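Reading the structure
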Amino acid sequence: MELRQLQYVLQIAIEKNFSRAAEKLHIAQPSLSQQLSKLEQELGVLLFRRTTNSVELTQAGQVFVDKSQTILDAIEQLKQEMDDMAQMRRGRLVVGTLPITGSHILPLVLPVFGAQYPQIEVVLVEDTSAKLEQLTASGGTDLSLLSLPLADTTLAWEPLMEEEICLAIPPQHPLAESTEPVPISILRNEPFIGLKKGQGFRQITVELCQASGFTPQIVFESSNIETVQSLVAGGMGIAFVPKMLTRQRGSEFAPIYLPLSPKASRTLVIASRKGRYLSKATEAFIRTMNKTIVHYK
């Protein structure tokens, strides 16, 4: 069994198609099929069920993929550790981030990090909270910028910052002239606009309402908090919005923002897999993040 064969199986499992997997691996499809057949003969089990339309993992194949991912990730960590011990001046760092939150924080962090560590290549992966947790747990990212709570118990995290959560309402809403914090409990009959399931802030919205004795009536969903705010400004409902993402008053499609009672906040964290070796580049990036977002704290 060779390491490249593990990589081949993982790519086929991801693509569920021999042609696409061969293209991603930069090898000919017949060679890929040949290597898989050779591996299956050596193991004495079928790893994939092949039909004219699909390629699916067998039970043995799923076990093989899970173990292979662990092995390849351990090898990558070993390489990183040896590079650090040899004081290598080049490196690569994969950072997972929530798209909108990252667009506010990373422009502060990346220029500073790039100036201090120009030899480190930073690769950004933007996705939903659920997908980023999965990638971080499997070693697909070195670290990820997420918000609590985290569903995956295999992740370790350290707090980055605490951020206030505001109530966003249409300009014509009866509460628009309020000067006092709005009790969450009086919002039980309001139509809410929320992020789609799988995004961390969707869960925060639900939990804030449930803590005040009701489940929010979500009438519209979006994968983008900017769309959520535009729909609120257009009079379609209300929403909870992290303070750093609020729009300036007077700008186009700007809701009215009010404080909540009890005061609500979310915790942004830097997450990585428990027990994962953190490279020097990863540690340097975490230090840079903590130093450069002081004005948000």
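Look up a bit, the structure's there.
Before going into details, it helps to say that this report is about the structure given with it. (Residues numbered from 1 in each chain as written. Predicted model: local features only at pLDDT ≥ 70, side-chain atom pairs only at ≥ 80, totals over all residues. Heavy atoms only, no water.)

Turning our eyes to something else, we now look at the side chain of Thr141. Within the fold, Thr141 resides in the loop between helix H6 (129-138) and strand S5 (143-147). For Thr141, the side chain forms a polar contact with the side chain of Thr136, separated by 3.1 Å. Leave out the neighbours within four places in its chain, and Thr141 touches Val94, Gly96, Val125, Leu135, Thr136 and Arg276. (Helix = DSSP H or I, 4+ residues; strand = E, 2+ residues; numbered from the N terminus. Polar contact = N/O pair within 3.5 Å; in protein donor to acceptor, adjacent residues only side chain to side chain. Contact = heavy atoms within 4.5 Å.)

Our focus in this paragraph is a nonpolar patch on the surface. Taken together, the side chains of Met1, Leu43 and Val45 present a nonpolar region at the surface, about 250 Å² in accessible area. Locating Leu43 in the fold gives a position in helix H3 (residues 29-43). Overall, Leu43 belongs to the partly exposed group, its relative accessible area being 33%. (Patch = residues over 30% accessible without salt bridge, like charges linked within 9 Å, V, L, I, M, F, W, Y side chains within 5 Å. Areas by Shrake-Rupley, 256 points an atom, 1.4 Å probe, with all protein chains shown as cover. Salt bridge = Lys/Arg side-chain N within 4 Å of Asp/Glu carboxyl O. Buried < 20%, exposed > 50% of the residue type's maximum accessible area, 1.4 Å probe, protein only.)

Next up on the list: the side chain of Ser144. Residue placement: Ser144 occurs in strand S5. Dropping the residues within four chain positions of it, Ser144 is found in contact with Gly96, Leu132, Thr136, Val269, Ile270 and Ala271.

Judged by nonpolar contacts, the single largest core of 49 residues is most densely connected at Ile105, Leu187, Phe240 and Phe285. Contacts of Leu187, omitting those with residues within four sequence positions, involve Leu167, Leu175, Val182, Phe192, Phe214, Ile238, Phe240 and Leu260. Ranked by size, the runner-up nonpolar core spans 18 residues in total, among them Leu6, Ala21, Val65 and Leu72. (Core = buried A, V, L, I, M, F, W, Y, C linked by side-chain atoms within 4.5 Å.)

Another point: the packing of aromatic side chains. For the structure on display, the rule yields 3 aromatic pairs. A ring pair is formed by Phe113 and Phe285, whose centres lie 5.0 Å apart and whose planes are at 75 degrees; its orientation type is edge-to-face. Of the two residues, Phe113 is situated in helix H5 (residues 99-116) and Phe285 in helix H9 (residues 280-292); the sequence distance between them amounts to 172 residues. The residues Phe113 and Phe285 share a single accessibility class, namely buried. Following the ring pairs from residue to residue traces out a cluster consisting of Phe113, Tyr117 and Phe285. (Phe/Tyr/Trp six-rings, centres within 6.5 Å; stacked < 30°, edge-to-face > 60°.)

With that out of the way, let us pick up the packing of helix H1 (residues 3-15) against helix H2 (residues 18-25). Angle between the axes and distance between the axes: these two values describe a pair of packed helices. Two numbers describe how H1 lies on H2: the axes approach to 8 Å, and their chain directions differ by 130 degrees. Judged by the inter-axis angle, H1 sits oblique to H2. Note that H1 runs across H2; the crossing there is right-handed. Residue-level contacts link Gln7, Tyr8, Gln11, Ile12 and Glu15 of H1 to Phe18, Arg20, Ala21, Lys24 and Leu25 of H2. (Axes fitted to C-alpha atoms, helices over the stretch in contact; angles between N-to-C directions. Parallel < 35°, antiparallel > 145°, perpendicular 65-115°, else oblique. Left-handed = near helix turned anticlockwise from the far one by under 90°.)

Spanning 18 residues, H5 covers 24 Å between terminal C-alpha atoms, matching the ideal 26 Å at 1.5 Å per step. Where H5 bends most, the angle comes to about 45 degrees, and this point is Leu106, followed within four residues by the proline Pro107. Along H5, the residues classified as buried are Thr101, Gly102, Ile105, Leu106, Val109 and Phe113. (Expected span 1.5 Å × (residues − 1). Bend = angle between axes of the 7 residues up to and from the residue.)

What follows covers the pattern of salt bridges. Pairing between side chains becomes possible if they bear opposite charge and their charged atoms approach one another. The full count for this structure, using the stated rule, is 12 salt bridges. Among the ionic pairs, Arg202 bridges to Glu221, the shortest N-O distance being 2.7 Å. Of this pair, Arg202 sits in helix H7 (residues 200-211) while Glu221 sits in strand S9 (residues 217-222), placing them 19 residues apart in sequence. Overall, Glu221 belongs to the partly exposed group, its relative accessible area being 43%. Across the pair Glu226 and Arg247 runs a salt bridge, and its minimum N-O distance is 3.0 Å. In this pair, Glu226 is assigned in helix H8 (residues 225-233) and Arg247 in the loop between strand S10 (239-242) and strand S11 (256-258), connecting sequence segments 21 residues apart. Among the ionic contacts, a cluster of salt bridges with common partners joins Asp73, Asp142, Arg273 and Arg276.

This part is about the packing of H5 against H9. Two numbers describe how H5 lies on H9: the axes approach to 9 Å, and their chain directions differ by 125 degrees. The angle between H5 and H9 falls in the class oblique. Remark: the crossing between H5 and H9 carries right-handed chirality. Between H5, through Ile105, Leu106, Leu108, Val109, Leu110, Val112, Phe113 and Gln116, and H9, the contact on the second element is made entirely by Ala281, Ala284, Phe285, Thr288, Met289 and Thr292. Taken together, the residues of the contact of H5 with H9 break down into 11 nonpolar, 3 polar and no charged. (Nonpolar A, V, L, I, M, F, W, Y, C, P; charged D, E, K, R; others polar.)

This part covers H8. Along H8, the positions that sit buried rather than exposed are Ile225, Val228, Gln229, Val232 and Ala233. Projected down its long axis, H8 carries its buried residues within an arc of 135 degrees, all on one side. One side-chain oxygen at the N-terminal end of H8 lies 2.7 Å from the backbone nitrogen of Glu226; it belongs to Asn224. Once H8 finishes, Gly235 follows within two positions and takes phi at roughly 90 degrees, a positive value. (Arc of directions from axis to C-beta.)

Note that all results are geometric; they support no functional claim without further evidence.
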